[in-house]
Amino acid sequence: MKQEHIVVVGSGGREAETVSQFHQSLLRDGRSNTIIDVLPGNGGTRWMELNGYQVRNHSIKAEDVAGVTKFAIEKQACVTFFGPEFPLVNGSADLLEDAGLAVFGPRMDLAIEGSKLRQKILMAKANIPTANYRAFTDCYVATNFVRNAPMPVVVKADGLCGGKGVEICRTFDAAASTLRSFMLDKIHGDAGSTVLVEEFLEGGNDMEVSVLVFCNGKGDYRILPCMQDHKPLLDGNKGPNTGGMGAWGPVFWVERYMHFIQKRIIEPMLEVLAQGGKHFRGCLYAGLMITPEGPKVVEWNIRPGDPELQPTLALLENDFLDLVWRCARGESLPALKFWDGFSVCVVLTAEGYGYPGGPAKNDVVTGIELAQNPPNVKIIHAGTIMDEQNRILTAGGRVVNVVARERTLIGAIEMANAAAAKIDFRGKHFRTDIGAAGLRVILQSAGVK
Ligand code: AMP
Ligand code: GLY
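No experiment lies behind these values; they were computed from the predicted model shown.

Q: What's the story with the site of ligand 1 in this structure? I'm lost.
A: Around ligand 1, the surrounding shell holds 15 residues, and the nearest of these are Glu 198, Glu 199, Leu 201, Glu 208 and Glu 299. Measuring from a nitrogen atom of ligand 1, one finds a backbone N or O atom of Leu 201 at 2.8 Å. At 3.2 Å, a side-chain N or O of Lys 231 approaches an oxygen atom of ligand 1. The protein chains hide 93% of the 470 Å² of surface that ligand 1 would expose on its own. Among the secondary structure elements, those contributing two or more residues to the shell around ligand 1 are strand E7 (153-157), strand E8 (166-169), strand E9 (195-199) and strand E17 (294-301).

Laid out in structure tokens, this is it:
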């Protein structure tokens, strides 16, 4: 029988969990002639490969747009799943679609994560609630503007900066210095040539949530349960911002805003995106602040959140490969079913992650087997590699994800933290308060001060 290929692009926890889910689907359906090719994958997907799974790592990085395209076309991949935004913003989906292949991810003209200004213009057109802003290409003019602006202001580089292009500035001096570093020193290159100065949205970290929407490119879509990421490195939302230190959900108290979010935010965005003639395909991600005036958009991404996808998949009862497949191929989407409980994902990070200089690498990771406890606790590799002696080594800032699910939020939190404590590597760090915002809401509604 002819061999079939599914390509997964990326190397983080989001991609490793996607591979794991796809593998389970292939097993369930008896599709022994399908290989999951991961570009480039991590230590976890390499472990799968060595342990008889239908998974292969290939040393092609997600940023290598030409390499990814060539590979998927050569293999005639029946579906290509993109985790990170970079290849999508740089036209990977266009190249594959034009070659007749099915892709999970939008074409370049709908890859709006590449420009925060474009997002703002689209939101204004669709009357979507978001922070007021001004855009600047001249540092002198921008600095003059912030001199009279009420503090704090949020300074954002327009283009992709790997999560480093946003600064919340509490004083004029901080804002002026950020503008200088973005626009004159060009610390983010051309991504900072245009800068947005935004109004600071009230709410705080406890009120920030992520909504993922899976879209089939034909106008049909499904909204997944709302998740809460934790960007700051340290407990209590202290320390520098990161790509995400953990996520939990469903964020039950957002339920009462979901109709508003769907009708005033998600649908208008999908409609305005479709005005160019093509519907969005893949995962549209709305980063929202639930402000005292209601939900407002902080940012749009064009791919599943990492780590938000991992706790979401712990609750999803549908077949994930089938969902991705249908989105990529423009087929009708099923009603989604979710396990009735909570999931919590705790991210274990390497020494130095979140600080200039970058994370430590090549430290041996132990305890993964010990911490696994299916079906309630799953350990997902992120920034890991496997060396020649088959040891797992740290290879990135976010090293491992621990995902636990339980009927109660407190149960899931305790289970995730207990499992995280069993994994070890030099300089290991994790936040112990992932999900605590949910507990605070439960206690408040029970009248506990
Ligand atoms: P972004 O890279 O756009 O996700 O921004 C990083 C983080 O900065 C967000 O997750 C928010 O916590 C915060 N942030 C961004 N824009 C605003 C805003 N206008 N008001 C308050 N916080 C913001
Ligand atoms: N966890 C935030 C993101 O994926 O952008």
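We are not done yet, so read on.
Q: Would you explain the site of ligand 2 in this entry?
A: Surrounding ligand 2, one finds Asp 229, Lys 231, Gly 243, Tyr 285, Asn 301, Arg 303, Gly 305, Asp 306, Pro 307 and Glu 308. Taking Asp 229, its side chain carries an N or O atom lying 2.7 Å from a nitrogen atom of ligand 2. Arg 303 is positioned such that a nitrogen or oxygen atom in its side chain is 2.7 Å from an oxygen atom of ligand 2. Coverage of ligand 2 by the protein chains reaches 91% of its 200 Å² of free accessible surface. Here the residues of the shell around ligand 2 are counted per class, giving two nonpolar, three polar and five charged.

Q: Teacher, can you tell me more about the nonpolar core here?
A: Ranked by size, the top nonpolar core spans 76 residues in total, and within it Ile 266, Met 269 and Trp 300 carry the most contacts. Here the element with the most residues in this core is helix H9 (residues 258-273); it accounts for eight residues. Ignoring anything within four residues of it in the chain, the contact list for Trp 300 reads Ile 112, Glu 113, Gln 119, Met 123, Ile 128, Ile 265, Ile 266, Met 269, Leu 284, Tyr 285 and Ala 286. Counting 31 residues, the second-largest nonpolar core is a separate cluster that includes Val 8, Val 19, Cys 283 and Leu 336.

Q: Please clarify how the packing of aromatic side chains should be interpreted in this entry.
A: The description of an aromatic ring pair rests on the distance of the ring centres and on the angle between the ring planes. Per the counting criterion, the structure on display carries eleven aromatic pairs. Centroid distance Trp 47 to Tyr 53: 5.8 Å. Interplanar angle 65 degrees. Geometry classified as edge-to-face. Looking at Trp 47, the relative accessible area reads 32%, which means it is partly exposed. On the accessibility criterion, Tyr 53 (25% relative accessible area) is partly exposed. Of the aromatic side chains, those joined through ring pairs into one cluster are Phe 22, Phe 81, Phe 104, Phe 214 and Phe 320. In this arrangement the basic side chain of Arg 303 is found over the ring face of Tyr 285, its NZ or CZ atom lying 5.6 Å from the centre. The ring of Trp 339 carries the charged tip of Arg 405 above its face, separated from the ring centre by 4.0 Å.

Q: Teacher, can you tell me more about the pairing of strand E16 (residues 281-291) here?
A: The buried fraction of E16 is high, at eleven of eleven residues. Two strands pair when backbone bridges link them, and E16 and E17 are joined in this way by seven bridges, in the antiparallel orientation. When the bridges of E17 are listed, Ile 290 appears paired with Pro 295. Between the end of E16 and the start of E17, which pair antiparallel, lie two residues.

Reading the values: rules and limits
Residues numbered from 1 in each chain as written. Chains lettered and ligands numbered in written order. Predicted model: local features only at pLDDT ≥ 70, side-chain atom pairs only at ≥ 80, totals over all residues. Heavy atoms only, no water. Near = heavy atom within 4 Å. Polar contact = N/O pair within 3.5 Å; in protein donor to acceptor, adjacent residues only side chain to side chain. Areas by Shrake-Rupley, 256 points an atom, 1.4 Å probe, with all protein chains shown as cover. Helix = DSSP H or I, 4+ residues; strand = E, 2+ residues; numbered from the N terminus. Nonpolar A, V, L, I, M, F, W, Y, C, P; charged D, E, K, R; others polar. Core = buried A, V, L, I, M, F, W, Y, C linked by side-chain atoms within 4.5 Å. Buried < 20%, exposed > 50% of the residue type's maximum accessible area, 1.4 Å probe, protein only. Contact = heavy atoms within 4.5 Å. Phe/Tyr/Trp six-rings, centres within 6.5 Å; stacked < 30°, edge-to-face > 60°. Lys NZ or Arg CZ within 6 Å of the ring centre and 35° of its normal. Pairing = 2+ DSSP bridges.

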